[in-house]
Amino acid sequence: MPRETAQAKAARLKKILGALDRTYPKAHCELDHRSPLELLVATILSAQCTDKRVNIVTRDLFKKYRSAADYANAPLAELEQAIRTTGFFRNKAKNIQACCRKLVERHNGQVPRTMEELTRLDGVGRKTANVVLGNAFGINVGVVVDTHVARLSHRLGLTQQTTPEKIEQELIALVPQAQWTLFSHWLIWHGRRRCDARKPDCEHCEIKKLCPQIGVIKTDTHG
Ligand code: SF4
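The shown structure was predicted, so the numbers you read here are calculated from the model rather than taken from an experiment. (Residues numbered from 1 in each chain as written. Predicted model: local features only at pLDDT ≥ 70, side-chain atom pairs only at ≥ 80, totals over all residues. Heavy atoms only, no water.)

Examining helix α11 (residues 180-193)
Right, on to step 1. Its 14 residues give α11 an end-to-end C-alpha distance of 20 Å, which sits within 8% of 20 Å, the value for a rise of 1.5 Å per residue.
Right, on to step 2. Counting buried positions over the 14 residues of α11 gives 11, a clear majority of the element.
Right, on to step 3. Where α11 is concerned, the buried positions are Trp 180, Thr 181, Phe 183, Ser 184, His 185, Trp 186, Leu 187, Ile 188, Trp 189, His 190 and Gly 191.
Right, on to step 4. Tucked into the core, α11 has its buried residues touching α1 (6-23), α8 (126-136), α9 (147-155) and α10 (164-174). (Helix = DSSP H or I, 4+ residues; strand = E, 2+ residues; numbered from the N terminus. Expected span 1.5 Å × (residues − 1). Buried < 20%, exposed > 50% of the residue type's maximum accessible area, 1.4 Å probe, protein only. Contact = heavy atoms within 4.5 Å.)

So this is what it looks like as structure tokens:
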């Protein structure tokens, strides 16, 4: 890709944002939840697991555990069993329980609304905190960088960074703050529906004309 000026990049990004908005007007967090606590637990469970699988597990989990105290006081083996199919279940159960104990002890059982307080909880990194702040509270503190956001940001020529933290900092500088949460949803939805990791459907892509397709290996067929 020929070197792009900052101005040209900003203009291109503006068009990408507009096109993604038109393509995915209903983009939203695909983890089912009815409260900040449910979203926090679902996001911890979503590590190395599909949202679809997490939603199957949380359907029953959220009926059984309704408060932070319920998770804090549950027998660990019982909690492990309940989330077993999301993978890494021992670690996740341990983190959810330790996290919920802190919610009870420090936050009156409520999920806090700041990045600092959230990232002090067990199992909660910057990505999980961004998901909760953006989707449960409507607070744009950062950009969620998951595998889709990282891959698409690279292919779209928005960043050359490789770590989620550095990618996030570049995206924060490029995307208007009011759109940080939506931007992640748009890239995640586009990554799942069009810009697949192994076989991106560039031919039918809604933002094809705006994408330099960095690192995409051209093949003759789409499967
Ligand atoms: S043109 Fe291809 S690489 Fe670029 S966003 Fe679309 S599917 Fe992804």
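Here's the deal with helix α2 (residues 36-45)
Right, on to step 1. With respect to burial, α2 is a largely interior element, nine of its 10 residues being buried.
Right, on to step 2. For α2, the set of buried residues is Leu 37, Glu 38, Leu 39, Leu 40, Val 41, Ala 42, Thr 43, Ile 44 and Leu 45.
Right, on to step 3. The inward-facing, buried residues of α2 abut α3 (51-64), α4 (68-73), α5 (76-83), α6 (89-107) and α8.

Some words on the site of the ligand
Right, on to step 1. The environment of the ligand is made up of Arg 155, His 190, Cys 195, Pro 200, Cys 202, Cys 205, Ile 207, Lys 208, Cys 211, Gln 213 and Val 216.
Right, on to step 2. The pocket occupied by the ligand, as judged from atoms lying within 2 Å of grid points, is the largest cavity.
Right, on to step 3. Here the residues of the shell around the ligand sort into seven nonpolar, two polar and two charged. (Near = heavy atom within 4 Å. 1 Å grid on protein atoms, 1.4 Å probe; cavity = no way out; pocket = protein on both sides within 12 Å on 5 of 7 lines; lining within 4 Å. Sits in = over half its atoms within 2 Å of the grid points. Nonpolar A, V, L, I, M, F, W, Y, C, P; charged D, E, K, R; others polar.)

Some thoughts on the layout of surface pockets
Right, on to step 1. Here the largest pocket defines a volume of roughly 550 Å³.
Right, on to step 2. Among the secondary structure elements, those contributing two or more residues to the lining of the largest pocket are α3, α8, α9 and α11.
Right, on to step 3. Counting residues per element, the lining of the largest pocket draws most heavily on α11, which supplies five residues.
Right, on to step 4. Looking at side-chain class alone, the lining of the largest pocket contains eight nonpolar, 10 polar and six charged residues. (Points joined across faces, edges and corners; volume = space filled by probe spheres on them.)

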